[in-house]
Amino acid sequence: RKEVEQDPGPFNVPEGATVAFNCTYSNSASQSFFWYRQDCRKEPKLLMSVYSSGNEDGRFTAQLNRASQYISLLIRDSKLSDSATYLCVVNVGRGGYQKVTFGTGTKLQVIP
Amino acid sequence: DVKVTQSSRYLVKRTGEKVFLECVQDMDHENMFWYRQDPGLGLRLIYFSYDVKMKEKGDIPEGYSVSREKKERFSLILESASTNQTSMYLCASGRGGEWTQYFGPGTRLLVL
């Protein structure tokens, strides 16, 4: 089983729609969670961290479910500019050091 | 704003050549990372460094080496390039003790 798994999509949604992505992780010792956004042929950029109690940043809401080992990203009122690939990132503890593991990403296409 | 720069956006090399990819960050970050990104496989960590002259292997270090002689600069070396090293190479940096990573624009390497 992969350490971090995402549905690759694409998710094709109309402007104004609400869309949600999930990301599952396999290591129950994982400690930190993030969502990054990657535009086509560009570098990934941090979208938001994911906190245990859930957090919101404008139209974006991130949630963590430790019991089921997944994080989610909800985008409300989708804009054309939200079209991108969304990467789930998990800090996986490994013995004496920790490293960050990226999911393969979920592609979102917002349609006019 | 954090700035991470990479020496080349596009590079074409021949099998067996020695290839140097350089990354420079201007935010005095302790941590620096090299990834490669391939379709369907996502970002995979090659090497990372948490201090000058320190390096740790990531998930796929075979065929690569790194050098960090100065805090702001992290170099990736392909000792003898092979066609299966054709990929997008992304450098990232981050503060020590934090897990947010800031990426450079990437280098698309084609090995013929």
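See the structure shown above.
Right, let's walk through the structure included here.

Each value, and the rule that gives it
Residues numbered from 1 in each chain as written. Chains lettered and ligands numbered in written order. Predicted model: local features only at pLDDT ≥ 70, side-chain atom pairs only at ≥ 80, totals over all residues. Heavy atoms only, no water. Helix = DSSP H or I, 4+ residues; strand = E, 2+ residues; numbered from the N terminus. Buried < 20%, exposed > 50% of the residue type's maximum accessible area, 1.4 Å probe, protein only. Contact = heavy atoms within 4.5 Å. Areas by Shrake-Rupley, 256 points an atom, 1.4 Å probe, with all protein chains shown as cover. Lys, Arg positive; Asp, Glu negative; His and termini not counted. Charge placed at Lys NZ, Arg CZ, Asp CG, Glu CD. Pairing = 2+ DSSP bridges. Axes fitted to C-alpha atoms, helices over the stretch in contact; angles between N-to-C directions. Core = buried A, V, L, I, M, F, W, Y, C linked by side-chain atoms within 4.5 Å. Buried area = accessible area lost by both parts, 1.4 Å probe. Salt bridge = Lys/Arg side-chain N within 4 Å of Asp/Glu carboxyl O. Polar contact = N/O pair within 3.5 Å; in protein donor to acceptor, adjacent residues only side chain to side chain. Nonpolar A, V, L, I, M, F, W, Y, C, P; charged D, E, K, R; others polar.

A word on the overall build of chain B
Phase 1 of the analysis: Scanning chain B for helices and strands turns up zero helices and 11 strands.
Phase 2 of the analysis: Tracing chain B from N to C terminus, the helices and strands come up as β-β-β-β-β-β-β-β-β-β-β.
Phase 3 of the analysis: Across the 112 residues of chain B, 48% fall into the buried class.
Phase 4 of the analysis: A sequence separation of at least 24 residues applies to 56% of the contacts in chain B between residues at least 6 apart.
Phase 5 of the analysis: By element, 50% of the accessible surface of chain B is carried by carbon and sulfur atoms, the whole surface being about 5,400 Å².
Phase 6 of the analysis: Charge separation in chain B, taken as the distance between the mean sites of 16 positive and 15 negative side-chain charges, equals 6 Å.

Considering the sheet that holds strand 8 (residues 73-78) of chain B
Residues and elements named next belong to chain B.
Phase 1 of the analysis: Read from one edge of the open sheet, four strands run 1-3-8-7, paired in antiparallel fashion. Two strands in the sheet have a free side with no partner beyond their single neighbour: strand 1 (4-6) and strand 7 (64-70). Adjacent strand axes in the sheet meet at a mean angle of 20 degrees, parallel and antiparallel pairs treated alike.
Phase 2 of the analysis: As defined by bridge partners, strand 3 (residues 19-25) adjoins strand 8 across six bridges and the pair is classed as antiparallel. Bridge assignment links Glu22 to a residue of strand 8, and that residue is Ser75.

Overview of the nonpolar core
Phase 1 of the analysis: In terms of nonpolar packing, the biggest core is built from 24 residues, with Phe21, Trp35, Ile71, Leu73, Ile75, Tyr86 and Leu108 of chain A touching the most fellow members.
Phase 2 of the analysis: Take this core: its biggest share by element is five residues, from strand 9 (residues 84-94) of chain A.
Phase 3 of the analysis: Setting aside residues up to four positions removed in sequence, Ile75 of chain A forms contacts with Ala17, Thr18, Val19, Phe21, Arg59, Phe60, Asp82, Tyr86 and Leu108 of chain A.
Phase 4 of the analysis: With 20 residues, the next largest nonpolar core counts Leu11, Ile46, Tyr47 and Leu76 of chain B among its residues.

A few points about the interface of chain B and chain A
Phase 1 of the analysis: Each side of the interface is counted separately: chain B has 20 residues, and chain A has 18 residues.
Phase 2 of the analysis: For the pair chain B and chain A, the two sides together bury roughly 1,600 Å², of which 56% comes from carbon and sulfur.
Phase 3 of the analysis: Contact with chain A buries surface across chain B, with Leu43, Trp99 and Phe103 of chain B losing the most and accounting together for 35% of the total.
Phase 4 of the analysis: Our count for the contact surface shared by chain B and chain A stands at zero salt bridges.
Phase 5 of the analysis: Linking chain B with chain A are two residue pairs in polar contact (both at pLDDT 80 or more).
Phase 6 of the analysis: Ranked by residues supplied to the side of chain B that touches chain A, first place goes to strand 5 (residues 42-49) of chain B with four residues.
Phase 7 of the analysis: Considered class by class, the residues forming the side of chain B that touches chain A number 10 nonpolar, six polar and four charged.

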